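The chain contents come next:
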Amino acid sequence: MLHIKNLQARIEEKEILKGINLDIKPGEVHAIMGPNGSGKSTLASVLAGRSDYEVTGGEVEFNGKDLLELSPEDRSREGLFLAFQYPVEIPGVSTTNFIKTAVNEIRKYRGEEPMDAVEFLKKMKEKMKLVEIDQSLLSRSLNEGFSGGEKKRNEIFQMAMLEPNLAILDETDSGLDIDALRIVAEGVNKLRDGKRSFLVITHYQRLLDYIVPDHVHVLYKGRIVKSGGKELALELEERGYDFIKEELGESVEA
Amino acid sequence: MSEMLTTLEQTALSEYKYGWVTNIEADEAPPGLNEDIVRFISAKKNEPEWMLEWRLKAFRQWQKMEVPRWPNVTYPDVDFQAIKYYSAPKQKKTLNSLDEVDPELRATFEKLGISLDEQKRLSGVAVDAVIDSVSVATTFKKQLGEMGIIFCSMSEAIKEHPELVQKWLGSVVPVTDNFYSALNSAVFSDGSFCYIPKGVKCPMELSTYFRINAAGTGQFERTLIVAEEGSYVSYLEGCTAPQRDENQLHAAVVEIVALDNAEVKYSTVQNWFPGDKEGKGGVFNFVTKRGICAGVNSKISWTQVETGSAVTWKYPSVILKGDNSVGEFYSVAVTNNRQQADTGTKMLHIGKNTRSRIVSKGISAGYSHNSYRGLVQVGKNAVNARNFSQCDSLLLGDKCGAHTFPYIEVKNSTAQVEHEATTSKIGEDQIFYCNQRGLDTETAVALIINGFAKEVMNQLPMEFAVEAQKLLAISLEGSVG
Ligand SMILES: Nc1ncnc2c1ncn2[C@@H]1O[C@H](COP(=O)(O)OP(=O)(O)OP(=O)(O)O)[C@@H](O)[C@H]1O
Ligand SMILES: [Mg+2]
């Protein structure tokens, strides 16, 4: 599904990703953890094709295609979805209208007809139930005046509507209350179908209690420095990042 | 929405879509302007003596006036002696029915998406089509006539309803109001006239389409709308012009009168040729539009979507004379490439408890300049006058400019005048977010600007809203990325 080989990227002369290697197979859930500023969002942005970042080396293959050659919109149309850490607001454009446009752009890329209104509404209803999102939120301007939690839930709703092959969730759990966290996690779990893959970026083990990952990676200073099973997340929760730094031979302040 | 996007797809280049020339033998005046030309126009139209006198008076006044220099636009001086002031599409005889309209002319309107065919009519829209200054067809006349509504060309109104024309023409925009209104008064060759009798709610949208066709001609239409006590009408105006290298002049005058409890809604989708990327050609659009809420509880509402013209100079205004009257101005002005627009409104509060609302959305791209200029004036007897103004500017790129010139003059202490203004840029973040959901950048920009302009677009009648959305998208193609 996704093969990242020695990926390096920088922004404004600053080297941020310093050789990332990661393989995600269909149906797998990978979690990425790591201290603030280690490069997690950068990795997500580079995969989604944000032009501020310059890829200085490495390769990424997605569904047998050279991902780095594709425009951001084509990456999306190929089935890559990013739930943003900070979703943007688009005044005057309702979420419903936005998603409808997105759904139909993706269908067009696949050579399909636009979805008819009845089918679209049916799908909306179904997915609204899945993430327990309210109709009234969807008729408002996209993310405008949404609470932090509402924005995150809206990201997951869009993911459910677009049915991607690979979903990258960038700290979707931060800002969610306990109930919302459970709802979002259950939503993700319902979308796990053995083929769809997830890359979940989080700071908290708690999310991984709900979305149980196949692999956990620690990103530190632009490199994946440790990988393991779901128990690695527990260990990090208990011990913090210091033990990783120690393993790396870095001095740790008391 | 999805319809808009497919149009975007189809129009690969941001070229002016309506830029063809209809080949109809024109019946025209030689270039230049003097009293003889004024007489020629009047004679061509078989006008009564009083009309000729009115025109000549206007012409003499105009000769003493100066071109206004205060708008925030720059353009080469117009050579008023190089323009042809009359050009009528040549038609063999007077038409008895719409079936007799020149097929080529008919095709022109088909291309514009306007059906002159009463059988295949737009759903409930009566159309008066004005090509180069002359009205060629008015649809639905009979049905409207049965309700006492008069909807016809100005020339016809002068002949058939002289008492109404004499009473109201120039009553809202006096001949000497400004340089271009004086010029228009001297040389206008046609336009639409609309009269809604007491208590009648016009059951359909009345619509006029203006098109400049002949080269080197000016277009000077004159529109007059009178809404008697307790009546209602919604009026639409659409404009296009062919693509030409030289500039074309358009100087129209629109007057609206709303008597007691009457309401007039006037919507414009202006799409004159804006000139090419380098700013060559394009229409100079110098228009005077004004309405008077003469009666109590009356209401006049202007809605405009301005995407065309090389230079626009236009301030649809409302004189709020009747107590409790309401004036509204909703505007979206888009400028791209080298276009310049100086547009806004004037709300003149005279009566008690008068209210006005201004919503202006300026979108600038390329090297264009977009200015909002608005005056809110509260007279000393205008007790409890209220105004709310919202002026938002959206910039695409960093070579364009947006300017806001709000003028507020208040002479009554009970007035409440509120002004809000914002300027924003389409953010990389917004575009990337849309890209990430499968929208290409053109589509993303179209979506974002339509969202920005939504409050105004919502004011347009349905038939126009879709067209206006497409226009916004088309006029900004290629301006980002
Ligand atoms: N535009 C920029 N200019 C300079 N540095 C930047 C820019 N954007 C990001 N960075 C830097 O890149 C580094 C990695 O940032 P990134 O957002 O990827 O971290 P993160 O792991 O997602 O952190 P967090 O856990 O706080 O979300 C940080 O040091 C950040 O300051
Ligand atoms: Mg981050």
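For the structure itself, look to the data block above.
The structure presented is a predicted model; accordingly, all values stated were derived computationally and were not measured.

## Re the pattern of salt bridges
Summed over all chains, the structure comprises 29 salt bridges over all chains. The closest approach of N and O atoms between Asp398(B) and Lys399(B), which form a salt bridge, is 3.6 Å. Judged by relative accessible area, Asp398(B) falls into the exposed class, the value being 59%. On the basis of relative accessibility, which here comes to 48%, the residue Lys399(B) falls in the partly exposed class. One continuous salt-bridge network, built from bridges that share partners, spans Asp74(A), Arg77(A), Glu105(A) and Lys108(A).

## Things to note about the coordination of the magnesium ion (ligand 2)
Taken together, Ser41(A) (OG) and Gln85(A) (OE1) make up the full set of protein donors to the magnesium ion (ligand 2), lying 2.0 to 2.3 Å away. Within this pair, whereas Ser41(A) is found in helix 1 (residues 40–48), its partner Gln85(A) is found in the loop between strand 6 (80–83) and strand 7 (90–94), the two being separated by 44 residues in sequence.

## What about the site of ligand 1?
All names here are of chain A. The environment of ligand 1 is formed by 15 residues, the closest being Gly-37, Lys-40, Ser-41, Thr-42 and His-203. The separation between an oxygen atom of ligand 1 and a polar side-chain atom of Lys-14 is 3.0 Å. Here an oxygen atom of ligand 1 sits 2.9 Å away from a polar atom, N or O, in the main chain of Gly-37. Among the secondary structure elements, those contributing two or more residues to the shell around ligand 1 are strand 2 (14–24) and helix 1.

## Description of the pairing of strand 17 (residues 326–335) of chain B
All names here are of chain B. Among the 10 residues that make up strand 17, 10 are buried, leaving the element largely enclosed by the rest of the structure. The side-chain alternation of strand 17 yields two buried faces, one formed by Val-326, Glu-328, Tyr-330, Val-332 and Val-334 and the other by Gly-327, Phe-329, Ser-331, Ala-333 and Thr-335. Taken together, the 8 bridges between strand 14 (residues 299–306) and strand 17 define a ladder with parallel strand orientation. Within strand 17, the position partnered with Lys-299 by the bridge is Val-326. Sheet analysis places strand 17 next to strand 19 (residues 355–364), joined by 10 bridges and oriented parallel.

## Some thoughts on the side chain of Glu73(A)
Tracing the backbone shows Glu73(A) in helix 2 (residues 72–77). Of the buried charged residues, Glu73(A) lacks a salt bridge, with Arg77(A) as the closest side chain of opposite charge at 5.2 Å. If near-sequence neighbours (up to four positions away) are discounted, Glu73(A) is found in contact with Asn435(B), Gly438(B), Leu439(B), Asp440(B) and Thr441(B).

Each value, and the rule that gives it
- Residues numbered from 1 in each chain as written.
- Chains lettered and ligands numbered in written order.
- Predicted model: local features only at pLDDT ≥ 70, side-chain atom pairs only at ≥ 80, totals over all residues.
- Heavy atoms only, no water.
- Salt bridge = Lys/Arg side-chain N within 4 Å of Asp/Glu carboxyl O.
- Buried < 20%, exposed > 50% of the residue type's maximum accessible area, 1.4 Å probe, protein only.
- Donors = N, O, S within 2.8 Å, 3.2 Å for Na, K, Ca; no water.
- Helix = DSSP H or I, 4+ residues; strand = E, 2+ residues; numbered from the N terminus.
- Near = heavy atom within 4 Å.
- Polar contact = N/O pair within 3.5 Å; in protein donor to acceptor, adjacent residues only side chain to side chain.
- Pairing = 2+ DSSP bridges.
- Lys, Arg positive; Asp, Glu negative; His and termini not counted.
- Contact = heavy atoms within 4.5 Å.

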